[in-house]
Every structure is written in structure tokens, then in C-alpha cells.
Amino acid sequence: MVVAMIVACEVGFWVLIALGLLSRYALRRRRLSNVFLYGTPLLEVILLVVAVVDLRGGATAGARHGIAALYIGITVMFGHRAIRWVDQRVGYHFLGGPLPWRPPRRGMDRVGYEVVEFARTVGAMAIAGALLGLLILVTGDTDRTKALTGFFGALGAITAISLVISVVGAFEAFGKPPKPKPAPRRLRDRAPV
């Protein structure tokens, strides 16, 4: 049941984004668009409730509960950025909007960007860890929550990988300058194949 809810929440996340963008750009209904886009956090609440109900109903905690906590943490910290990323690209490619924002490629701006990205990952893992702790506490049975306790190592590994990626990105900021990339062509201007 929890795995199905994780999949449903991920699908629902993108469906709400699509409905929000459709409302904003095709129907020109900004308030309705905001309702859809700001409704995405409700999916995380539903997923958390399902995980708690599953564990309180006597289920033994497994990787599915750990993945649910991880999914919620990542969505809370990175979901808004995903929405903004899609919104900028739809606006640019189909509506003549400005060029989408790109992360800085060089200098201290790039270092700052990498620090913020790492901080977001730490925040996501902290939220996931807190939710794992909550699930363990709610279950109240250490025998049934051993898998959740072991999931803390995965959160640490993800944080360590993110740190390595951020450090490498920060060092690249002062390396050989990358070749300039041309602005992407708008999808609506591309010739049909």
C-alpha cells in the first residue's frame, strides 16, 4: 500500500504541476493555477498519514516506509524548485518568455550555488530523518522498526555523496573556463521532423 502511494504521490505531483501550468498559461487563471501548484504539499501529508496508518495497523517497517520518508524530505526541499524549473521552461519554449535561469558556472557565485545545493540536501535528509524517527516512535516496537533504524545509514550516504558533488562543483568553478553554450532554441521555433 505504501509503495503504491509513493508512486501515486509522484504521479500526482506532476499532474498537479501540469494542471497548474495549463491553468496559468492556457486558461489565464492565475489563482486556479496557484491552487494546483500549492496543493502539491498535500500529497506529502497524505503519504505520511498512509505510512503511519500502515505501521499502526501492525505492518512491519520496511524499505518502503524509509523511501516514503526520503521522498517527503526531498519533495519538501526540492519540490518548489522543480515547479519553478518546469514553469520557466514552459514559459520560454511556448510563450516567448525570458531565457530560463541557469546555475552559475564560474567563480564565487558557483561556490555559493553549490553550498546552497548541499544545504538543501542536508535539509531534505534532516526532514527524512525526523520522519523516520516519528515513524519509529509511532510504531513503538523496536522489532518492527529495525529496517527504519538501518535507513539512517542511507541518509548519511546520500548526504556524503551530495557533499562530494558540491565540493567537485566548487573546484570546477575555478578551473578551465567551459566553452560558452548557445541559448537553447525555443521548441515552438524548431522545424518539424
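Residues numbered from 1 in each chain as written. Predicted model: local features only at pLDDT ≥ 70, side-chain atom pairs only at ≥ 80, totals over all residues. Heavy atoms only, no water.

Peer 1: Break down the packing of helix α5 (residues 107-139) against helix α6 (residues 146-172) for me, with residues and values.
Peer 2: Relative orientation and spacing of two packed helices are given, respectively, by the angle between their axes and the distance between those axes. Orientation of α5 relative to α6, taken along the N-to-C sense of each, is 175°, at an axis distance of 9 Å. As far as their axial angle goes, α6 and α5 are roughly antiparallel. Of the residues assigned to the contact of α5 with α6, the class counts are 16 nonpolar, eight polar and three charged. (Axes fitted to C-alpha atoms, helices over the stretch in contact; angles between N-to-C directions. Helix = DSSP H or I, 4+ residues; strand = E, 2+ residues; numbered from the N terminus. Parallel < 35°, antiparallel > 145°, perpendicular 65-115°, else oblique. Nonpolar A, V, L, I, M, F, W, Y, C, P; charged D, E, K, R; others polar.)

Peer 1: Before we move on, could you go through the pattern of salt bridges and cite the residues and values that matter?
Peer 2: Enumeration over the complete set of coordinates arrives at six salt bridges. We note a salt bridge from R81 to E117, for which the minimum N-O separation is 2.0 Å. Of this pair, R81 sits in helix α4 (residues 63-95) while E117 sits in helix α5, placing them 36 residues apart in sequence. Assigned by exposure class, R81 and E117 land together as buried. Residue R120 pairs with E117 through a salt bridge whose shortest N-O separation is 3.7 Å. With R120 and E117 both in helix α5 and three residues apart, this pair spans about one turn of that helix. (Salt bridge = Lys/Arg side-chain N within 4 Å of Asp/Glu carboxyl O. Buried < 20%, exposed > 50% of the residue type's maximum accessible area, 1.4 Å probe, protein only.)

Peer 1: Residues and numbers for the environment of V138, please.
Peer 2: Locating V138 in the fold gives a position in helix α5. With 121 residues separating them along the chain, V138 and I17 place their C-alpha atoms 32 Å apart. The residues touching V138, leaving out its near neighbours within four places in the chain, are V52 and R56. (Contact = heavy atoms within 4.5 Å.)

These figures come from the coordinates and say nothing about function on their own.
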